[in-house]
Structure formats: C-alpha cells, structure tokens
Amino acid sequence: DTARSFAAMVPFNPASMFDHCPHCIVVLDKDDVVIEANTQFTEVFGAMPKEKSIDFVNSLVGPQQRDRVREVLKKVRSRESKSEFCANTDTLALGKDMPIYRSFDWTVGPWETEGIVVLYGRYVLEPSTQKAEQESEFIDFFNHAPIALHWLSDTGLVLWANQTELDTLGYTAEEYIGQPIMKFCPDEESLVLEIFKQLGTGNTIKDVPVRFRTKDGRIVNLLIDSNVNYKKDGSFNHTRCFIRDDTSRKVREARAAAASQEAKRSFAQLDSFVRKIFHEIRTPCHILMQLLLCLDGALDTPSLRAIPELADAYEYLTKTSRQADVLMTILEDASDASRFEYGLTVISCETPVNLREMISSVMAAVEFSLPSTSGVQRIVDVGSEGCPIPELVLADGRLLRRVLAHLVKNAVKATKAGEVKLTITNTNDTYMFMVSDTGCGIDVQSVTRGFQKYWQMPMPKTPEEARQLLNRPEAGGLDPVLARREQLEESLKLSSGCEGMGLGLNVCFNLIQCMGGELRISSSEKGTSFWFNLRLSPAPGSALMSPGVVKAPTPSAQPPTEASRQRVPMQWDSVNSQASSLFIDSDPKTTFAASTETVGTSKPAPPTLVAAQGLEADRKVHVLLVEDNTICQKLAQRMLITLGCSCDVAGDGQDALDKIGDAGDELYDLIFMDLRMPIMDGLQATTQIRQKLKLSLPVVAFSAETGQDIRTECDTIGFTDFVAKPCKLQTLSEVLNRNLP
C-alpha cells in the first residue's frame, strides 16, 4: 500500500524502488512483455529480457508450466485476486553462464496501471555444493568448447553464445547476446533467412558457409551446423548453432583456384607450343609429300620404268610415299587428341561421299601399310537385298575415312590368320559401319578402357596367351585408378611390345561423336567387333550399289609389280547376279588419280560449251596463291597448273592486296591464303578483302594449323573454305570444285 501511494506521487519508475531488493523483480505489460526489471533480475536472467522486451512466459518459463503461469497472470489482471503464488516454476536463467532452467517461486501482484503486473521471485532452494560444481563443470565445458556455439530465438535474437564464439568475433557478452544475428552478418541476409526457413521445416543444416563481421570490422568465413530445439507443443523454441572457422578452407580454395589458373595458363602455353610444333612439322611434310608426288610422276613413265637401275629406286619411292602418309596420320591423330583433351570438337561438314571409292582407298591403304599380314583375308560386305546402299551419301568423308582406316588397320594388326570384315548396312537411312576380325580378342577389363587416350595392350601371339589375357583377374588390393594408370605407364614404355601411340581408338571415338554417332565394341575369344551408327542421307541422283560380299586378294609379301598397280575389278559373291563395279585398288595412288577432276582443263572445250559461253569456255581458272615459303610456292603452283589453273604468287598479305588492286573480283577466281606470314598475315589480309575492298570472291585458308579455334576464327573473318597442309592433289581439286561455279 505504501509503494502504491508513493507511485501515485511520482512518475512510474519501479527500478528506482526495486534495485535494493535482494530478490528478482520484473514488471510485465498486458502482453506479458518485460518492461522493467531490477538489478538482481538482470544478474540472473541477463539484460536481454529487459532491453529487447521479450515475452516473459514464452521465452523464460519452462514449457510444462506456461499454461499455469498464464492462468495466474490472467486472474491478477482481471482483479479476481490481489495476488497469486506460482511455486516451483522452471525459469530460464540467461546470465553470464550457459542458459539453464532454475526453480523459482513467483509472487504475482497487480500495479495501478491496468494490465500491468509485478512478479517477485526467489530461488526455491540454492543448489547444493555438489550440484553446483557439476553444473559449473558442465557450463564450463560448453562455454570454453573448442567450437563456437550460440542459441537463437525464433525472431533471430542471440539468446546465448559461448566464450569461444565471443573470442572468435571479438565481442563481449553484453555487445553480442541479445542482439539480432543479422547485425553481425549484414551482407548475408538472404542466406540467413534461408537458413531459418530450412530449420523451420525441421531440417538440419550442415557445413553452410556464411560470413560474419568481427568487432574490428574484419570479415571472417565461418561454417554453420544447426538444428532446432522445439517446445513441448511442437513450436519453435530456439536454434542450436555450431560455428567453425572456414578461413583455412577458403585459403585452400584460393590456392587451388590460383593453381588451377596457373595450370590453365601452362596448358595454354603448352597448347600454343604444340600447335607451333605441328605447324612447323606440317610445312616440311607438305613439301616432302609434294616432292615425292612430283618425283613419282617424273619416274612413272614406260621408258624410265624399263631401266633396270631405276626399278629399285621406284620401289623405294613408293615405300617412302607410304611412310609419309603414315607420318601425316600420326600428326593428325596427335593434333586431334590434344584438341579433344581440351574439350574442343571437330565440326562435321557434310558433302557427297562416294562410298565405293572410300572403301577402295581404305582397304588399299591397309594393304600397303601392313605388308606382313599375308595370311589375312579382307572382306567388304555392303548392304542387303531389301536395304541397298547408295553410292553417294551426304557425310563428312574426311572424318569417316579416318575412322574406317583406323579400325581396319587395328583389326588387321590383331589378326594373325583368318579374316577382317568391313560391313555396311542401311536401315531407314541409319547406316551401321562394323569392322570385325577373327583375332584372339581383347580381355574383358580392357573392353571398357579401349577408348581412353594412350590405351594399348600387347597383341597375344597364340590362343593360349589370349585366354590368359581374357581370363586374368583384377589386381588384388590395387585401386582401379592406380591399376589403370600403371597399365598406361607400362604400355607407353618402348619395351612394352605395343605398337603406335595408343591414340587411334580415342580419336575414332571422338570423331564419331562429332559426326553424331557412338563407337561400340564387343570381344570374345573368337574375335573383336567395332561398330557405330550414323544417320546419313543419300546424295541426290545417287545410284544404288548391288548388295553382296567382295573379297580382296590376299596381300603378297612381294613388292608391288606393274600389274599389281593396275585397277583390278572385283566380282561380287552376291545373291544378285549383276556384276559390281566396286574396285579394290592395289595402289591407293590409282584411286586418287582416277577420282581427281581437273578444273579449267587445258583440253579444248566441247562445241556445245563454246556455243553457250563463247571465249569463257576456254578460259583457265585464275588463282592467286599467297604463301611466304618459296618451296611451298613452287609446289602449290605446280599442283594448280596440273589441275589446269593459271596462278599468280604473292609473298605476304600486303603483296596480295597490291596484286588485287583495283581489279576487284574480275582478276582472280579464287585466292589460296596462308595464315602465318611476315608483314601482313592471311587473317589481316582477308579482313581487308572483306571489309575494306568489299570483295566476295572465294578465299580459301591454306595453313598448317588445323585446330578448331583457328577454323572458327577463319569462318568469322570470312574465309570461304579451309585446306590443311600438307595437301594432296585430290584435296586441292575437291576444294576448287566446291568453291567455283
């Protein structure tokens, strides 16, 4: 009564009256929110309830006793009772130590202002010395744990944090506890809200990276693990968050990123170096191959062939030409394999492809590149009675020929006796190409590894060796990756007995993917089969090949003779009685010569053409060759003249622009442009031709660089076509026919 009389005379400020009371006093408004508390209450429950105006019942009273406390408060507010007593009430102490429920007796009375109540509380009993020591040890365990801990309310306030977290962030308990967690990670608001969303649905979060701001303004990287403590009624009580320093992981990531960038830079340098090597090798190879062709043409006359002293020389020349082809295949495989390693692809370019000539070329090349396979019969099986194969299909002939050549050569190498069969079938314009052999097979483990780069295996010499390979167990206790690496390292040794570089199947696998197919393999003791399907369309006006089987002559170990170099027609072993015109060439050079069509031929034009075109009918195609290498100039010029063209030569891009001059499109029908030249390179010159001179005449890139990036750059600039060095006469002829009307 005295207190109430005093309160009527002075403004409402119970703290000034209650601070000297030895027990806890707290004042609640009509919503049970703390509006004032004395010093003793703050020491036990912390400053947060008073400063943050928290709900006393929901936040501090134990879940099992909240309904009872609410009923008492309701009676006092409604004046049903002047005072009520809540005995043995579990109340959450949020002082300096870890939050823990203490048992309090609370006496509740009304205040003069309607709805406001005053609670007077004291410990039911002080903890025993033994229990106090146990609690102290328990609290110390969490407070100084080597990992940071904190609790959050359902509104995101920090209810408690251990000393480790305070030390990590540099705050005192008064500066940190009771504050909204968002205050300490302001740039992670969306992430923190998402964390609460996940926790609110009952999920446990783990290893979530978040950035906190320390007291001195630094940003530290932390990892959070958290779950939720729920009330008895299933509602949200508080979170339990564990925080770990993530700086070391970030440092490792930064170092890994730096190492990755350095590796990319090193790979880029290595790629440039390898491309330069390929460029430098291709140029002399181009010269070598053209010189061999020139020499072959000079010696291949009846008068010179009749001279006995030149017979061996001609044989050596033929073998040298074959080895030059092998060298070019190795260069192409190595170049493409390096590109595929970086994730680049080859753009497939579909043109009409003569399957007869391609098969002839592939089988003939195999015959002369593998002369020791005298006991192996080569068979070609094309089509079936109901699904014939057209002679001409729209495909990338360059890629398809490389794939078939690789597969047939591998099959012949793996077959000591028996047959190698190339089968082509057509089902609704889906063509299956299969190469099968009767060799000893590939071991089961290696079937799935056959398409990786550098993969090789020694060829079994006897059926017994093959069975041992096919049935050998996995290396016991050895990691599969390490086992595969050891196998690769062993196969790359010169003493391994493996031929080649192990790139063929890898290149085939990737080239087939570039054409829209997938290379597959099956193997047993009876042999191995590789096959793939391609969706192809027949070229307009193409004739159909008669279905059936054709057998090539068994290769002879003797040097090729004049007769063996002739084009020999092979008969079909077919259910169809019609004769086939498919040829298996003993000399691929013959196929090349037969399929080459000269452009701007020097022979007199037919009268019908003269009548239609006048003098233009006899005019030769006039070509500008832009090349800085003098030997390449002479060889390319000779090839163009052989094809019936007239040719001017420019030594660099600026020289080419000067020669074009004011004549525009009228002077030259086509330009062959080298890319790397002094003064002005081919890329700059072609840019000038397209953008400054506004000329639309065909410009064909003529370069030893063959990567997809340089081809894409040429397309962007405005090149019409691309020819890779070294270039054969047939390729040059195809380019001219493709780009001239």
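Please refer to the structure placed before this passage.
Attention in this report is confined to the structure presented alongside it.

Parameters and conventions
Residues numbered from 1 in each chain as written. Predicted model: local features only at pLDDT ≥ 70, side-chain atom pairs only at ≥ 80, totals over all residues. Heavy atoms only, no water. Helix = DSSP H or I, 4+ residues; strand = E, 2+ residues; numbered from the N terminus. Buried < 20%, exposed > 50% of the residue type's maximum accessible area, 1.4 Å probe, protein only. Contact = heavy atoms within 4.5 Å. Areas by Shrake-Rupley, 256 points an atom, 1.4 Å probe, with all protein chains shown as cover. Pairing = 2+ DSSP bridges. Patch = residues over 30% accessible without salt bridge, like charges linked within 9 Å, V, L, I, M, F, W, Y side chains within 5 Å. Salt bridge = Lys/Arg side-chain N within 4 Å of Asp/Glu carboxyl O. Phe/Tyr/Trp six-rings, centres within 6.5 Å; stacked < 30°, edge-to-face > 60°. Axes fitted to C-alpha atoms, helices over the stretch in contact; angles between N-to-C directions. Parallel < 35°, antiparallel > 145°, perpendicular 65-115°, else oblique. Left-handed = near helix turned anticlockwise from the far one by under 90°. Nonpolar A, V, L, I, M, F, W, Y, C, P; charged D, E, K, R; others polar. Right-handed = clockwise from strand over helix to strand, strands pointing away. Core = buried A, V, L, I, M, F, W, Y, C linked by side-chain atoms within 4.5 Å.

1. Observations regarding the overall build of the protein chain
So, step 1. Counting secondary structure elements, the protein chain contains 26 helices and 26 strands.
So, step 2. A total of 741 residues make up the protein chain; the buried ones form 46% of that total.
So, step 3. Within the protein chain, contacts between residues separated by at least 24 positions form 62% of all contacts whose residues are at least 6 apart in sequence.
So, step 4. Of the accessible surface of the protein chain, which amounts to about 37900 Å², a share of 54% is contributed by carbon and sulfur atoms.

2. Notes on the sheet that holds strand β11 (residues 351-354)
So, step 1. The three strands are arranged β11-β14-β19 in an open sheet whose pairing can be described as antiparallel. Each having just a single partner strand, β11 and β19 (537-538) make up the two edges of the open sheet.
So, step 2. Of the pairings in the sheet, the one linking β11 to strand β14 (residues 392-395) comprises four bridges and is antiparallel in character. In the strand pairing of β14, Asn-354 is matched with Leu-392.

3. Considering a nonpolar patch on the surface
So, step 1. Together, Phe-267, Leu-270, Phe-273, Ile-277 and Ile-281 line one region of the surface with nonpolar side chains, adding up to about 440 Å² of accessible area.
So, step 2. Position of Leu-270 among the secondary structure elements: in helix α11 (residues 247-299).
So, step 3. You can call Leu-270 partly exposed: its relative accessible area is 41%.

4. Here we look at unusual backbone geometry
So, step 1. One non-glycine residue with positive phi stands out, namely Asn-88, at about 50°.
So, step 2. With respect to the helices and strands, the residue Asn-88 is situated in strand β3 (residues 84-93).
So, step 3. Among the residues examined, Asn-88 registers a relative accessible area of 41% and is labelled partly exposed.
So, step 4. Its identity as a non-glycine residue notwithstanding, Asn-428 has a phi of 55°, on the positive side.
So, step 5. Within the element layout of this structure, Asn-428 appears in the loop between β15 (418-427) and β16 (430-437).

5. Quick look at the pattern of salt bridges
So, step 1. Counted by the stated rule, this structure contains 13 salt bridges.
So, step 2. Here Arg-244 and Asp-225 are joined by a salt bridge, their closest N and O atoms 3.1 Å apart. Of this pair, Arg-244 sits in strand β10 (residues 236-245) while Asp-225 is found in strand β9 (residues 219-230), placing the two residues 19 residues apart along the sequence.
So, step 3. The partly exposed category is assigned to Arg-244, whose relative accessible area is 28%.
So, step 4. One network of salt bridges, with partners in common, ties together Asp-207, Asp-225 and Arg-244.

6. Topic: the packing of aromatic side chains
So, step 1. According to the stated counting rule, one finds 14 aromatic pairs in the structure shown.
So, step 2. The interplanar angle of 35° and the centroid separation of 4.8 Å between the aromatic rings of Phe-104 and Tyr-123 together place this pair among those described as tilted. With Phe-104 in strand β4 (residues 100-110) and Tyr-123 in strand β5 (residues 117-123), this residue pair connects regions lying 19 residues apart in the sequence.
So, step 3. Note on Tyr-123: relative accessible area 29%, which makes it partly exposed.
So, step 4. Among the aromatic residues, ring-to-ring pairing joins Phe-41, Phe-45, Phe-56, Phe-104, Trp-106 and Tyr-123 into one connected group.

7. A few points about the sheet that holds strand β25 (residues 699-703)
So, step 1. If you trace the five strands from one edge of the open sheet to the other, you get β23-β22-β24-β25-β26, paired in parallel fashion. Edge positions in the sheet fall to β23 (646-650) and β26 (721-724), since each has one partner strand and no second. On average, each strand axis in the sheet is tilted by 20° relative to the strand beside it, whichever way the strands run.
So, step 2. In the sheet, strand β24 (residues 670-673) pairs with β25 via three bridges, with the strands oriented parallel. Directly across from Met-673, in β25, lies its bridge partner Ala-701.
So, step 3. Running over the sheet, helix α24 (residues 682-692) touches β24 and β25 and is turned about 155° from β24.

8. Quick notes on the packing of α11 against helix α13 (residues 308-341)
So, step 1. At a minimum axis distance of 10 Å, the contact between α11 and α13 shows a crossing angle of 160°. What the angle tells us is that α11 and α13 run roughly antiparallel. As α11 runs across α13, the sense of the crossing is left-handed.
So, step 2. Partitioning the contact of α11 with α13 into residue classes produces 14 nonpolar, four polar and seven charged.

9. Some details on the pairing of β26
So, step 1. Here four bridges tie β25 to β26, and the two strands are oriented parallel to one another. The residue bridging Val-700 from the neighbouring strand is Asp-721, located in β26.
So, step 2. With respect to chirality, the unit in which β25 leads through helix α25 (residues 708-717) into the neighbouring parallel β26 is right-handed.

10. Quick word on the environment of Thr-423
So, step 1. Of note, Thr-423 is situated in strand β15.
So, step 2. Those residues within four positions of Thr-423 in sequence are excluded, and the remaining contacts are Asp-381, Met-432, Phe-433 and Met-434.

11. Quick look at the environment of Thr-329
So, step 1. Within the secondary structure layout, Thr-329 lies in helix α13.
So, step 2. Exposure remark for Thr-329: the relative accessible area of 29% places this residue in the partly exposed category.
So, step 3. As for Thr-329 and Gly-504, which are separated by 175 residues in sequence, their C-alpha atoms are 9.7 Å apart.

12. Points about the pairing of strand β18 (residues 527-535)
So, step 1. In this sheet, β18 lies alongside β16 in antiparallel orientation, the contact comprising seven bridges. Looking across to β18, one finds that Met-434 is bridged to Trp-531.
So, step 2. By the bridge criterion, five bridges tie strand β17 (residues 520-524) to β18 in an arrangement that is antiparallel. Pairing of Ser-522 across the sheet is with Ser-529, part of β18.
So, step 3. What sits between β17 and β18 in their antiparallel hairpin is a turn of two residues.

13. Observations concerning the nonpolar core
So, step 1. Among the nonpolar cores identified, the biggest contains 48 residues, and Leu-407, Phe-433 and Phe-532 are the most heavily contacted of them.
So, step 2. Broken down by element, this core gets its largest block of residues, nine residues, from helix α15 (residues 397-414).
So, step 3. Once you skip the residues sitting within four places of it in the chain, Leu-407 turns out to touch Val-435, Leu-505, Cys-508, Leu-519, Phe-530 and Phe-532.
So, step 4. Counting residues in hydrophobic clusters, the runner-up holds 33 residues, among them Cys-24, Leu-28, Val-34 and Leu-94.

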